[in-house]
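# Observations on the model geometry
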Amino acid sequence: MSDSLQSNYREQQYDHFNRVLLAIAFFVLLTLILISQLFRLQILSGQTLFHRSLDNQFTFASLQSQRGQILDRHGEVLAKNIPQFHLDLFVESRARARRALDDLRKRIEIDPKSLSMIERRLDKARAQDTLRIISRLSSDQLRHIYHENLHLSPLKVTPEFIRSYPCGEPCGNVTGYVLARKLDKDAKSDNPNILASYSGADGVEKSYDEVLSGKPGVVQLQRDAKGKILQTLSNIPAQNGADIILTIDARLQRIVADKMKGKRGAVVINNPSNGEIIALYSAPSYDPNAFLDPSLSSALKTYLTSPEKPLFNRALSGQFPPASTVKPFLALYALEEKLISPQFHIHDSGYFRYKDTANVYRNWNRAGHGRVDVQKAIILSNDTFFYHLALKLGIDTMSHVYDRYGFGSSTGIDLPGEKLGLLPTRSWKKARGQSWLIGDTIITGIGQGSLLVTPIQLAYANAIFAARGDAFIPHVVQSVKYPSHKTDTELINPTRTGSLSYRHWQYITKAMEKVIVYGTGNRFGRLNKPFAAKTGTAQLIKNSGRTHHIKKLSDHSWFMGFFVKEHPDFAITVLAENDNNAIFVAREIINAYQQLTSV
Amino acid sequence: MYHILIQSQHDSGTQHMLSTSKLGNQEHVSLNTLLCVYIVIGMLLLTSASEGNHYMVIKQGVHALLAVGILFAVQRMSCEHLQKVAFIAYLATIALLILVLLIGHTGKGAQRWLDLRFIRFEPSEIMKVILPVTLASCVQNQELPLSPLALLQNLLLVLLPFMLIAKQPDLGTATIIATIGIFTLIMAGLPFKLIRYGITAFVVMSPVSWTLLHEYQKKRIMTLLMPRQDVSGSGYHIMQSKIAIGSGGFFGKGWFYGTQSHLQFLPEHNTDFIFALLAEEFGFFGCCVLFALFLWILIKCFSYSMQAQNHFTRLACAGISFAFGICTFINVAMVTGLIPVVGIPLPLISYGGTTMLITLLGFGIINACRSQSRLFDS
């Protein structure tokens, strides 16, 4: 009995000994698992996680650099920055943010539509995110917020400079607009300390984006998990952008906008003596504020969807046949190169027939103009004369003439989106697998056919003609005013000089002066100063030899003119799409402008 | 029974065990010294974690002094006395658990359970030590190997607190308590065959039963397993904890220089996640030192279980040691992201009075058991 008990006891003690050993082994194993996990975290990914801990506590804030202002030639502000304030909510945890939001709703009015959006965003928010509760606080709201102490954690009032365009719609085509964007690396971040910088999307804002935007500064901040800023560690100050002074006259822009109301088309007013653009307008235009001000979002929607395409800058990108406006250029060249003499004349019976073929090219006046010389051809815009001249010149010479006036190539204007138009040549047509026909030559002589120009190109050609061959690259920026420099940095205007024979130039110009007296532009009426002009009617496919055409739409009308002076300073080019009133628009603009300048 | 124990002293078969126990008599570092070092380390970490909140450090210091007092009081008690008290303590704790449930139901509803730390915490913490002692005292009075009836009786003792705590609901703590109970029964000589069957059945059944559950039931179980965290929020916390640990590197950022904890990125950095603070400020090296100390304490306690002369002392030592060990492991595994977040504090280190008192009470019992064995040795 005692023996069995004893052996039983010994057995049990031995068994227990083994089991405890197993338990010890089990815990040693568990500890090794923990140590291996710690080794993995601390030794293997120690560096990475150390950087993660730095990322946690250090954050970068960008210091918004002030974008430069845009001023017109008289110092009127066309684009500036106005301070705005937003109400932001820091998300420490979703539950806390939700409580704070509920509390906030009782104390300040939040638009129910934006509230539901905020709530949706809150559902997706992660800790450390920031939600914008109200953007663009009104001064009343701002006062209310500070009065109720709503600017305290977790809420925050974030100041921001917003781009604003006081001139609005009339200057939209020139100033362009900006879009708020974040740098790529910050794009996903909701950090309110990283302010959006603007990038120019059109107009001067785009072409001079770098000059205007300056360089944003950077601050490194240390923060805690609640987003409280503990200290500023380093600071690279922001460099403000430069101000830009335009050659544009905002008053004239407004006049043009007013006269072009309800029309489609483009107006360019430039100074032939130095290439300055005084006014540039594409109708319909747009208000650049719509891209930044949420309250104008309905206008923005119209801009994006309207069939009239307000965002399309017709002055730079619209391509149209120049039509009869090219006639003075060809006539002058022909006289200059002695291909015709001032005495050269034809008899116009209303049409032109090429070498007894069936191809008949009609004058716009079916009755014909009888005996027509160069001056009469320009005054009455006689087509038959220019069919003859076209044959005398030939396509190669005509292409050369058009090229001298800048057709088919960029004018070099300092605005984005310029189209090149189309200057047809033999080789161009050959490249398209067709051979040049005599008919092509004939209609190119009246600015029809494949020839296409943009309004700015025609304005440039008009200016070259007005300046007797001196070509100045058209530009809208007069000078750039850097914040670090005391004086304005003037821009140099590169010139391309040519010379047009003075005598023949005057001969043609005299004819152009008569255009508005008793020629095709007689509806324009007299002016008290010598004014040379030429009209044009860009036919819609009708005369291009194709059968189908759109009868409902009327032709585009062109008007180009300039004050004849030793140093011409005012040239105007007007295009009215599907409208024959370009001439009236031009007259009204000139009237208003003369009133303005005489006061 | 008593004469058997006396006889065993002269038994040559247990010679190797006696030699270990003799070695234990002459041990250079006592368990109490190790525990004090461990507690001091905890206090140092808490000083850093408290961020100048001296009240918190002093309070924990008072807790520690109280707990050491309890340790010394308990280690003077005789094992026979402890054995008798155990079952009464068990019943009292069960009563507390029921009370907790009642208050919970009449109170602010189930949601408050997850937030009300005090009420949820206390009785289940006590159970971590009381359960192995009670089981040990039961087994002491039973024949070994355990008869099926006795086994069933013991299992009921485990099941009762499990059910009560799971109902709170805190499946995590309930599971840990059940594990402690089952471990104690295994130590009581549960046949390995039965253990194998049990494990196999569990492993086979759990994925099958998991797939049978509905999505909302799974979610509910996940919430039960992780009472303190909402499932979506815990990912962020565990990531921050991992960043804290990893950023410590080999030697750490230095005492008081942990950015993750001091800038509040680390959640619960003075209670459940205090280990991450240790890892951040003292690095891999500091963690290894703590683990060495931990294993030293654990192996010492287990060796006391080996040297013990009766079932009660063996099982009480083993069970309490296991409770200490498993809680430490689960806490660290949770903080290092090995297992999902379960609200288990790090014994003797985390801020909190109850755990400190109860853990040292347990070590007091272990000391009492050991002095019993030493009595027999001399």
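Keep in mind that this is a model prediction, so the values were computed, not measured. Note on numbering: residues in each chain are counted from 1, in written sequence order. Key to labels: chains lettered from A, ligands numbered from 1, both in the order written. Local features in a predicted model are, by the rule used here, given only for residues with pLDDT of at least 70; side-chain atom pairs are given and counted only at 80 or more, and totals for whole chains, interfaces and linings are based on all residues. Hydrogens and water molecules were not included; the side-chain quantities draw on all heavy atoms of the structure.

Further remarks concern the sheet that holds strand S21 (residues 531-538) of chain A. Think of a sheet as strands paired side by side through backbone hydrogen bonds, with each pair either parallel or antiparallel. All names here are of chain A. Pairing between two strands is assigned when DSSP locates at least 2 bridges connecting them. Strands are runs of DSSP state E lasting at least two residues, helices are runs of H or I lasting at least four, and both sets are numbered from the N terminus onward. With respect to topology, five strands assemble into an open sheet ordered S12-S11-S23-S22-S21, the strand pairing being antiparallel. Unpaired on one side and paired on the other, strand S12 (277-283) and S21 mark the two borders of the sheet. Across this sheet, the average inter-strand angle for adjacent strands is 5°, counted without regard to direction. Examined bridge by bridge, S21 and strand S22 (residues 556-563) share eight bridges and lie antiparallel to one another. Residue Lys534 lies in a different strand from S22, and its bridge partner there is Met560. Interaxial angles span 0 to 180 degrees and are taken between N-to-C directions of axes, which are lines fitted to C-alpha atoms, for helices over the stretch in contact.

Turning next to helix H4 (residues 112-124) of chain A. With 13 residues, H4 of chain A should cover 18 Å at 1.5 Å per step; its first-to-last C-alpha distance of 19 Å lies within 8% of that length. Among the structural elements, helix H3 (94-107) and strand S4 (130-134) of chain A are those in contact with the buried residues of H4 of chain A. One less than the residue count of a helix, multiplied by 1.5 Å, gives the span that helix is expected to have. In this description, contact between two residues means that some pair of their heavy atoms is separated by no more than 4.5 Å.

On to the interface of chain A and chain B. It is common to give the size of an interface as the accessible area that goes away when the parts come together. Taken together, the contact pairs 47 residues of chain A with 61 residues of chain B. Once two parts are joined, some of their accessible surface, as seen by a 1.4 Å probe, is lost; buried area is that loss totalled over both. Carbon and sulfur atoms make up 71% of the surface buried where chain A meets chain B, a total of about 4700 Å² over both sides. Looking only at chain A, the three residues that lose the most surface to chain B are Arg19, Phe27 and Gln42 of chain A, adding up to 16% of its buried area. Should a side-chain nitrogen of Lys or Arg be within 4 Å of a carboxyl oxygen of Asp or Glu, the pair is scored as a salt bridge. Our count for the contact surface shared by chain A and chain B stands at zero salt bridges. Pairs of N or O atoms are called polar contacts if they sit within 3.5 Å, as long as, within protein, a hydrogen donor faces a hydrogen acceptor (for residues adjacent in sequence, only side-chain-to-side-chain pairs). Across the contact surface, chain A and chain B share eleven residue pairs in polar contact (both at pLDDT 80 or more). Broken down by secondary-structure element, the contributors of at least two residues to the side of chain A that touches chain B are helix H1 (2-44), helix H2 (46-57) and strand S8 (217-223) of chain A. Of all the elements, H1 of chain A adds the most residues to the side of chain A that touches chain B, at 31 residues. Its residues assigned to classes, the side of chain A that touches chain B comprises 24 nonpolar, 15 polar and eight charged. Classes in brief: Ala, Val, Leu, Ile, Met, Phe, Trp, Tyr, Cys and Pro nonpolar; Asp, Glu, Lys and Arg charged; the others, Gly included, polar.

In plain words, nonpolar cores are sets of buried Ala, Val, Leu, Ile, Met, Phe, Trp, Tyr and Cys residues tied together by side-chain atoms within 4.5 Å. Accessibility here uses a 1.4 Å probe with only protein chains present; expressed as a share of the type maximum, an area under 20% marks a residue as buried, one over 50% as exposed, and anything in between as partly exposed. Residues Phe275, Phe363 and Ile365 of chain B are the most contacted members of the largest nonpolar core, which totals 124 residues. Sort the elements by how many residues they give to this core and helix H14 (residues 274-307) of chain B lands first, with 19 residues. Setting aside residues no more than four positions away along its own chain, Phe363 of chain B makes contact with Leu31, Leu35, Leu71, Ile297, Cys301, Ile320, Phe324 and Leu348 of chain B. In this structure, Leu332, Leu458, Ile464 and Met512 of chain A belong to the second largest nonpolar core, which totals 60 residues.

Note on terminology: disulfide denotes any pair of cysteine sulfur atoms within 2.5 Å. The final tally for this structure, using the stated rule, is one disulfide over all chains. Each sulfur of the disulfide joining Cys167 of chain A and Cys171 of chain A lies 2.2 Å from the other. An S-S torsion of about 55° defines the bridge between Cys167 of chain A and Cys171 of chain A as right-handed. The structure places no disulfide on Cys287 of chain B, whose sulfur is separated from the nearest cysteine sulfur, that of Cys288 of chain B, by 6.9 Å. We classify Cys287 of chain B as buried; its relative accessible area is 0%. Just so you know, Cys317 of chain B is unpaired, no disulfide at all, and the nearest cysteine sulfur is the one on Cys369 of chain B, 4.2 Å from it.

The next point concerns unusual backbone geometry. The amide bond that connects Ala283 of chain A to the next residue, Pro284 of chain A, takes the cis arrangement and shows omega of -5°. Counting through the fold element by element, Pro284 of chain A comes out in the loop between S12 and helix H10 (297-305).

Residue and element names in this part refer to chain A. By secondary structure assignment, the location of Leu437 is in the loop between helix H15 (426-431) and helix H16 (438-444). Overall, Leu437 belongs to the partly exposed group, its relative accessible area being 49%. Distance from Leu437 to Arg426, taken between C-alpha atoms, is 9.0 Å for residues eleven residues apart in sequence.

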